[in-house]
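Given next are the chains, with one letter for each unit.
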Amino acid sequence: MKLEILGAGCPKCKKLYENAQAAVKELGRSDIELIKIEDIKEITARGVMMTPALCVDGQIKSTGKVASPKDIKKFIG
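Read on for an overview of the structure. One numbering rule holds for all chains: residues counted from 1, following each sequence as written. Local features in this predicted model are restricted to residues whose pLDDT is 70 or higher, and side-chain atom pairs enter the listing and the counts only when it is 80 or higher, whereas totals over whole chains, interfaces and linings include all residues. Side-chain measures were taken over the full set of non-hydrogen atoms in the model, leaving aside hydrogen atoms and water.

Another point: the packing of aromatic side chains. For Phe, Tyr and Trp, where Trp contributes only its six-membered ring, two rings pair if their centres lie within 6.5 Å, and the inter-plane angle classes them as stacked under 30 degrees, edge-to-face over 60, or tilted in between. The tally for this structure, following the rule as stated, stands at zero aromatic pairs. For a ring to carry a charge above it, either NZ of a lysine or CZ of an arginine must fall within 6 Å of the ring centroid while also lying within 35 degrees of the normal to the ring plane. If you follow K36 out to its NZ or CZ, it ends over the ring of Y17, 5.1 Å from the centre.

Structure, rendered in structure tokens:
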């Protein structure tokens, strides 16, 4: 599974990354690859206009807000 955090490095983007790390750790999942994407051209090419954004296996699950670890765990399934 691939979890991607899309954002240019603002405090909200960093917090979403931290929350994603916490969610993965709480689930005890070693099969989840966590990736930060900070290239604005790649972010907009995916149709994301508000950051931070969270993608799970290529599907955008959240944009423009910092999802909590609890919410991220729901997205992961």
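With that out of the way, let us pick up the pattern of salt bridges. Any carboxyl oxygen of Asp or Glu within 4 Å of a side-chain nitrogen of Lys or Arg constitutes a salt bridge here. Under the counting rule described, the total for this entry stands at six salt bridges. E4 is paired through a salt bridge with R46; the nearest N and O atoms lie 2.7 Å apart. Pair noted here: E4 is in strand β1 (residues 2-6) and R46 is in the loop between α2 (40-45) and β3 (53-56), with a separation of 42 residues, a long-range link. A salt bridge links E42 to R46, with the shortest nitrogen-to-oxygen separation between them at 3.1 Å. Linked by salt bridges that have partners in common, E4, E42 and R46 make up one network. Starting at the N terminus, helices and strands are each numbered in turn, a helix being any DSSP run of H or I of at least four residues and a strand any DSSP run of E of at least two.

The next point concerns unusual backbone geometry. Cis geometry is found at the peptide bond from T51 to P52, where omega equals 0°. Within the secondary structure, P52 sits in the loop between α2 and β3. Of note, D57 is a non-glycine position whose phi angle comes to about 50°, a positive value. Within the fold, D57 resides in the loop between β3 and β4 (59-63).

Mapped onto the fold, E42 is located in helix α2. Taking the C-alpha atoms as reference points, E42 and L6, 36 residues apart in sequence, are found 8.8 Å from one another.

Our focus in this paragraph is the environment of I35. Within the element layout of this structure, I35 appears in strand β2 (residues 33-37). Between the C-alpha atoms of I35 and A22, which are 13 residues apart in sequence, the distance is 14 Å. With residues up to four places along the chain from it excluded, the contact list for I35 reads K2, L3, E4 and I5. The contact criterion used throughout is that any non-hydrogen atoms of two residues lie within 4.5 Å.

Residues L3, I5, L16, A20, A23, V24, I32, L54, V56, A67, I72 and I76 constitute the largest nonpolar core, which totals twelve residues. At the level of elements, β1, α1 (11-27), β3 and α3 (69-76) are the ones that each hand at least two residues to this core. Setting aside residues no more than four positions away along its own chain, A20 makes contact with L3, I5, L34 and I72. For the purposes of this section, nonpolar cores are sets of buried Ala, Val, Leu, Ile, Met, Phe, Trp, Tyr and Cys residues that join through side-chain atoms within 4.5 Å. Only protein chains enter the accessibility calculation, which uses a 1.4 Å probe; a residue is then buried when its area is under 20% of its type maximum, exposed when over 50%, and partly exposed in between. With six residues, the next largest nonpolar core counts I43, V48, A53 and C55 among its residues.

What follows concerns α1. An α-helix turns once every 3.6 residues. As a result, residues three or four positions apart point the same way. To estimate the expected span of a helix, count its residues, drop one, and scale the result by 1.5 Å. When the terminal C-alpha atoms of α1 are compared, their 24 Å separation across 17 residues agrees well with the 24 Å that a helix rising 1.5 Å per residue should span. Buried residues along α1 sit against β1, β2, β3 and α3. Just downstream of α1 lies G28, where phi reads positive at about 65°.

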